[in-house]
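# A closer look at the structure
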Amino acid sequence: MKILYGIQGTGNGHITRARHMAAAFAANENIQVDYFFSGRNKANFFDMEVFNEYAAKQGLSFVTEAGRINHTKTLTQNNLFKFIKDIKGTQVKSYDLVLNDFEPITAWAAKRQGVPSLSVSHQAAFLNHVPKQNQTFIDKIITQHFAPTQYNLGTHWYHFGYNIIPPFVTSELKKHAAQSRFQNIENDQILVYLPFESIDIVKEQLQVISEWKFTCYHPSISHAYKDANIHFKPLSTSGFKHDLLTCSGVVSNCGFELSTECLSLGKPLLVKPLQKQYEQLSNAYTLQKLGLCDVIHSINAEQIDDWLQTKQGVRVDYPTNCNALVDWIAEGNWKQTSQICNSLWQEVTFPVHVKQKLDRLQQANI
């Protein structure tokens, strides 16, 4: 089977999920995969060796300023003429399947050329009646038509009774979580990842909390340096992984993949969702309802300090092995999702109090 895998490159969460999938694809001799990214300048991708030769196009992306989406600039700064040209110029006829993680060029190219397409993404979960917060009519249109595919398989922290699979975490992360299950990491090191926020505001507010030490990753940082109680670092997969494993808590926006890693490790999590972005607002709403994180809506030293004094983590055990999903994809019966969904959810372990809240949330949402 020959697959073209289209991946949204605006944030690092989609790429993290694709890395899991790439390792499983590489182990299957019957599948050949080509990788296609859009939403970011190719020069700004990093740690992409697992994808070998990959294609990258401009695509479409949201423009953010000071922790919120700027809809006006999003409309004016995206080049729709180039986007349409790239759709027409992307040939997918030679592929048996276009696999998609919210990447619009390959999704529309597959639709236009009549090639089967399958979405495996967090965004696909929102096509179902899962918990949502502040979703507008425009948000619904974007969810349905930004990267439309013939078949959809959502990923989420719970299935809520729909064709949704759990997220995957690396075996290294799961091993570390198992080893530290009975250890409480107590130190003053806090990992901060707020890529959509103003670095100046982040710096200003964190320096007020001088008794804690912060390690801050941000796309605007070009080289590592220390300033008072903050260690600023450029984006790095390996460096970030090390700091995530050893920190005693995480402050971040509310993307899906990093939140999943924090849950798998049992790390205390404080999220500041990207404003006017209903996916992150919905993520924060769901996690807070389940008692899995705390939420703030601005970068505020007093609120962060309050959380630091009382922070607690909750561990959820998610699967590591993507092989069953890859085998299901290779079988080609993409309309039948119940077996793969049920199989993967059997590998998930929730704390009893979280499972009770999940059941109540599912009942209330339905």
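So, here's what we can say about the structure. As a convention, each chain's residues are numbered from 1 in the sequence order in which they are written. Local features in a predicted model are, by the rule used here, given only for residues with pLDDT of at least 70; side-chain atom pairs are given and counted only at 80 or more, and totals for whole chains, interfaces and linings are based on all residues. To obtain the side-chain values, all non-hydrogen atoms of the structure were included, while hydrogens and water were left out.

## Topic: the environment of Leu-118
- Mapped onto the secondary structure, Leu-118 falls in strand β7 (residues 117-121).
- Residue exposure (1.4 Å probe, protein chains only): buried if accessible area is under 20% of the type maximum, exposed if over 50%, otherwise partly exposed. On the accessibility criterion, Leu-118 (0% relative accessible area) is buried.
- Two residues qualify as a contact provided that any one of their heavy atoms is within 4.5 Å of a heavy atom in the partner residue. For Leu-118, the contacting residues outside a window of four places in its chain are Leu-97, Val-98, Leu-99, Asn-100, Thr-149, Tyr-151, Asn-152, Leu-153, Trp-328, Ile-329 and Trp-334. The numbering of helices and of strands both runs from the N terminus, where a helix is a DSSP run of H or I of at least 4 residues and a strand a run of E of at least 2.

## Quick look at the side chain of Thr-90
- On the secondary structure map, Thr-90 appears in the loop between α3 (80-89) and β6 (97-101).
- The exposure class of Thr-90 is buried, given its relative accessible area of 8%.
- When neighbours within four sequence positions are excluded, Thr-90 is seen to be in contact with Phe-36, Ile-105, Ala-109 and Gln-113.

## Re helix α10 (residues 256-265)
- Of all ten residues in α10, ten are buried; the element is thus mostly enclosed.
- When α10 is considered as a whole, its buried residues turn out to be Phe-256, Glu-257, Leu-258, Ser-259, Thr-260, Glu-261, Cys-262, Leu-263, Ser-264 and Leu-265.
- Among the residues trailing α10, Gly-266 stands out with phi positive, at a value near 75°.

## Describing the sheet that holds strand β12 (residues 225-227)
- Being paired, for any two strands, means DSSP has found at least two bridges between them. Overall, mixed pairing links the seven strands, which are arranged β12-β13-β11-β10-β14-β15-β16 in an open sheet. Single-partner strands in this sheet number two, and they are β12 and β16 (294-295).
- Pairing geometry for strand β15 (residues 269-271) and β16, over two bridges, is parallel. Residue pairing across strands places Val-271 opposite Val-295, the latter belonging to β16.

## With respect to unusual backbone geometry
- Phi is positive for Phe-160, which is not a glycine, with a value near 55°.
- Of note, Phe-160 is situated in the loop between β8 (151-155) and β9 (164-165).
- One non-glycine residue, Lys-276, lies in the positive phi region at around 70°.
- Tracing the backbone shows Lys-276 in the loop between β15 and α11 (278-289).
- Residue class for Lys-276 comes out partly exposed when judged on its relative accessible area of 46%.

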